[in-house]
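Working through the structure, step by step
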Amino acid sequence: MGNTPVQRDGSNVSTKQARIAELAQRHAGAGLDNTHPAMDLEWLFEAFHRTRKDGAPGIDGVAWADYEGNLESNLASLLSRAKSGTYRAPPVRRAYIPKGDGELRPIGIPTLEDRVLQRAVVMLLEPIVEKQFLDCSFAYRPGRSAHQALDRIWQATMEEGTCWVVDMDVRKFFDTLDHGHLREMVRKRVRDGVVTRLIDKWLAAGVMEDGEWHGVEQGTPQGGVISPLLANLFLHDVLDVWMAETVPPYLKGRVHTVRYADDAVIICGRKEDAEMLMRVLPKRFGRFGLTLHPEKNRLVRFERPTRRVGRDRDGQLPMTFNFLSFTHYWGRSRKGKWVVFRKTAKGRLARAITRIGEWCRDNRSLTIKEQHQKLCAKIQGHCAYYGITGNYRSLELFVNEVARQWRTWLDRRGNDVRFTWGKFNALMEWLPLPRPRVVHSARVAKP
């Protein structure tokens with residue numbers, strides 16, 4: 001390290017990233033082969049502080065505070081091993097979280113040191129790939145969000161009026177991502193041996209479950225810091241560029257693609273375009289070892305109703321589609337115009353309410369003030385995502401259900417004092433729950 005003091009404020013990191021981005025733009029189409037010199041001790045300090053403090057520990061059990069106790073020495077050792085090629089990527093710890101369809105989603109929990117190094121490599125790759133990523137992708141990108149994707153869908157559907165929506169979902173994308181294709185895609189952008197060697201090690205690290213190591217030949221674990229960037233890179237080549245450059249000559253009308261990670265919708269102005277895409281998309285994804293979900297991949301006629309009863313031109317009730325946990329549907333504004341609204345998807349709302357009930361049951365021994373504080377935070381977190389224009393009724397239903405669940409489990413605290421609604425209403429005057437709140441305004445009239 002010499003006698004030069006290490007900057008810990010990240011002041012030089014952004015400058016280096018700007019230089020990498022400039023090189024990537026200057027040498028577009030050719031992989032950069034000398035990016036790792038930017039990854040010095042200051043770079044790792046910044047990567048460490050961008051890593052979540054409350055992340056679950058990996059197989060080594062090392063937590064943030066443990067690693068921070070001897071931070072400079074730990075990071076210097078990590079940097080040396082990464083650049084010399086002696087770093088050994090540990091397997092991720094397998095855990096499972098429930099999905100909406102009743103299945104369990106496998107996630108991989110890396111060690112803290114692995115997360116730091118993955119973050120450092122993401123900071124190297126991001127300036128390169130961000131110059132290439134298209135405007136249709138919104139997930140895991142700086143300055144982009146799910147609400148921007150929702151706004152893009154609103155603009156496209158309002159603009160088309162009558163449209164056909166290809167609602168697609170890649171089946172077990174993170175579990176089946178092909179390593180061979182991915183390595184080719186990475187090397188199109190960066191040929192630096194230090195970077196590509198580390199990515200290869202992470203892909204081959206395997207998983208540890210119930211004390212046993214399991215090798216993997218495909219997929220990248222959800223939970224890994226670098227996995228979202230690799231997923232975006234893969235689907236950029238498979239879907240985004242293909243839709244932008246290869247497909248247009250075969251189209252008869254306008255098409256709008258909106259992708260958020262492995263979920264995407266393609267909004268078509270003409271039915272024949274949508275039907276053509278439904279035929280060719282499975283073949284396109286199959287070329288890269290991916291499968292579209294047989295049940296979730298569907299074609300939706302999304303048409304502005306033309307009659308007062310709200311039926312379409314064939315007299316059928318208009319179809320809806322779900323994306324990013326919202327149901328998109330046509331409804332009347334206060335001025336009587338047909339506009340696209342979004343409401344919390346029925347399944348998502350039901351699961352959110354169920355989780356509140358489970359939390360109230362499991363934490364009923366806490367003091368009432370502690371319960372109130374936690375429930376307020378949960379309501380605010382719910383509104384932070386679902387609080388968009390036109391969704392007030394779903395927010396109100398959620399808050400009312402929080403209150404109902406809270407009263408139910410206060411009444412079951414195991415003592416002789418009954419928590420009647422009268423007593424609960426008196427409590428709510430003392431400790432009120434937050435009111436539903438629209439956080440994200442949209443360019444749409446209120447219902």
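See the structure printed just above.
This section reports on the structure supplied with the text.

Definitions and cut-offs
- Residues numbered from 1 in each chain as written.
- Predicted model: local features only at pLDDT ≥ 70, side-chain atom pairs only at ≥ 80, totals over all residues.
- Heavy atoms only, no water.
- Pairing = 2+ DSSP bridges.
- Helix = DSSP H or I, 4+ residues; strand = E, 2+ residues; numbered from the N terminus.
- Axes fitted to C-alpha atoms, helices over the stretch in contact; angles between N-to-C directions.
- Contact = heavy atoms within 4.5 Å.
- Parallel < 35°, antiparallel > 145°, perpendicular 65-115°, else oblique.
- Nonpolar A, V, L, I, M, F, W, Y, C, P; charged D, E, K, R; others polar.

1. Things to note about the sheet that holds strand 9 (residues 321-323)
If you walk across this open sheet you meet the three strands as 9-10-11, and the pairing is antiparallel. The sheet terminates laterally at strand 9 and strand 11 (338-344), the two strands that pair on one side only. Put simply, the sheet's adjacent strands are angled 40 degrees from each other on average, direction ignored. When strand 9 meets strand 10 (residues 326-332), the two strands line up antiparallel, connected through three bridges. The partner of Asn322 across the bridge, within strand 10, is Thr327. Each of strand 9, strand 10 and strand 11 touches helix 6 (residues 146-160); the most contacted strand, strand 11, lies at about 150 degrees to it.

2. Comments concerning the sheet that holds strand 5 (residues 212-214)
The strands making up a sheet associate through hydrogen bonds between their backbones, and the pairing can be parallel or antiparallel. Across the sheet, which stays open at both edges, the four strands sit in the order 2-1-4-5 with mixed pairing between neighbours. Two strands bound the open sheet, and with one partner strand each, they are strand 2 (104-109) and strand 5. In this sheet, adjacent strand axes meet at a mean angle of 45 degrees when their direction is disregarded. In the sheet, strand 1 (residues 92-98) pairs with strand 2 via six bridges, with the strands oriented antiparallel. Each bridged residue has a counterpart across the sheet, and for Arg93 the counterpart in strand 2 is Ile109.

3. Quick look at the packing of helix 1 (residues 13-26) against helix 2 (residues 41-49)
Interaxial distance between helix 1 and helix 2 falls to 10 Å at its minimum, and their mutual angle equals 105 degrees. Considering their axes alone, helix 1 and helix 2 lie roughly perpendicular with respect to each other. Listed contacts from helix 2 to Val13, Lys16, Gln17 and Ile20 of helix 1 are Glu42, Trp43 and Glu46. Each residue belonging to the contact of helix 1 with helix 2 can be placed in one class, and the counts come to three nonpolar, one polar and three charged.

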